[in-house]
Amino acid sequence: MNDTMVTVVGNVATNVEYRETATGGMARFRFAVPSRRWDRQNGTWTDGPTSFYTVFAWRSLAANLAGSVSVGEPLVVHGRLKVREEDGDGRRRTFVDIDALAAGHDLTRGTAAFRRVARGEPVPAARRGEPEEPGATGRAREPVAVP
């Protein structure tokens, strides 16, 4: 395989969209990766342009992202880089996607508590963008620990 593998560090820019497909769950979200460089003249870090990627995840990674990630949170995403071009409205547009193989919170910017989930556990309705069941407390279900 000659796939281009990338690891990018940035922030979740949109809500994670989760849906079930014939082959399992699929999640998609936009990911903002700001560039920073050291300005020797001023002796400070300077922000450059921000790159945006559409991240796709499948099966258990998709479900876990949908249940764990919110807009603005810092992530590390590792996966296959995909560049595609499309013609539309007389313009040629370029899209850059990442098919994620792994993702997690960037622990240089905060803490996290890992919880292993049981196989086949459904994604909470609130994370899928669906209304919660009547009488629900508004809290997401706690994952079931697997020994």
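That block above? That's the structure.
Residues numbered from 1 in each chain as written. Predicted model: local features only at pLDDT ≥ 70, side-chain atom pairs only at ≥ 80, totals over all residues. Heavy atoms only, no water.

(A) Region of interest: the overall build of the protein chain. On a plain count of helices and strands, the protein chain comes out with two helices and six strands. Overall, the protein chain shows an N-to-C arrangement of helices and strands of β-β-β-β-α-β-β-α. Counting over 147 residues, the protein chain shows a buried share of 25%. In the protein chain, the share of contacts with a sequence separation of at least 24, taken over all contacts with a separation of at least 6, comes to 58%. Accessible surface, the protein chain as shown: approximately 10500 Å² in total, 50% of it carbon and sulfur. (Helix = DSSP H or I, 4+ residues; strand = E, 2+ residues; numbered from the N terminus. Buried < 20%, exposed > 50% of the residue type's maximum accessible area, 1.4 Å probe, protein only. Contact = heavy atoms within 4.5 Å. Areas by Shrake-Rupley, 256 points an atom, 1.4 Å probe, with all protein chains shown as cover.)

(B) How the structure looks around the pattern of salt bridges. Per the stated rule, a full pass over the model turns up seven salt bridges. The shortest N-O distance in the salt bridge between arginine 80 and aspartate 3 comes to 2.9 Å. Of this pair, arginine 80 sits in strand β5 (residues 74-88) while aspartate 3 sits in the segment before β1 (5-12), placing them 77 residues apart in sequence. Judged by its relative accessible area of 32%, aspartate 3 falls in the partly exposed class. Here arginine 92 makes a salt bridge to aspartate 87, at a shortest N to O gap of 2.9 Å. (Salt bridge = Lys/Arg side-chain N within 4 Å of Asp/Glu carboxyl O.)

(C) Inspection of the pairing of strand β2 (residues 17-21) at higher detail. Judged from the five bridges that link them, β2 and strand β3 (residues 24-39) form a sheet pairing that is antiparallel. Of the residues in β3, the one forming a bridge with glutamate 17 is arginine 28. Between β2 and β3, which pair antiparallel and follow one another directly, the connecting turn spans two residues. (Pairing = 2+ DSSP bridges.)

(D) Local environment of the packing of aromatic side chains. One pass over the full model with this rule turns up two aromatic pairs. Aromatic side chains phenylalanine 29 and phenylalanine 31 sit 6.1 Å apart centroid to centroid with 85° between the ring planes, which places their arrangement in the edge-to-face category. Under the relative-accessibility criterion, phenylalanine 29 is labelled buried at 2%. In this structure phenylalanine 31 comes out as buried when scored by relative accessible area, which is 0%. (Phe/Tyr/Trp six-rings, centres within 6.5 Å; stacked < 30°, edge-to-face > 60°.)

(E) Representation of the nonpolar core in the model. Counting residues in hydrophobic clusters, the biggest one holds 22 residues, and the most contacted among them are Phe29, Phe31, Val55, Ala57, Leu75, Val77 and Ile98. Elements with a contribution of two residues or more to this core: β1, β3, β4 (44-58), α1 (59-68), β5 and β6 (91-105). A per-element tally of this core places α1 first, with five residues. With sequence-adjacent residues up to four places away left out, alanine 57 is seen in contact with Gly25, Met26, Ala27, Ala62, Leu65 and Ala100. (Core = buried A, V, L, I, M, F, W, Y, C linked by side-chain atoms within 4.5 Å.)

(F) Molecular detail of the side chain of asparagine 11. Mapped onto the elements, asparagine 11 comes out in strand β1. Beyond its immediate chain neighbours, meaning those up to four positions away, asparagine 11 contacts Arg30, Phe31, Ala32, Gly72, Glu73, Pro74 and Arg109.

(G) Local environment of unusual backbone geometry. In this structure, arginine 59 takes a positive phi of about 50° despite not being glycine. Relative to the assigned elements, arginine 59 resides in helix α1. A residue is classified by how much of its surface remains accessible, and arginine 59, at 51% relative accessible area, is exposed. Positive phi values are uncommon outside glycine, yet aspartate 89 reaches one of about 55°. Relative to the helices and strands, aspartate 89 is located in the loop between β5 and β6. Its relative accessible area of 82% is what places aspartate 89 among the exposed residues.

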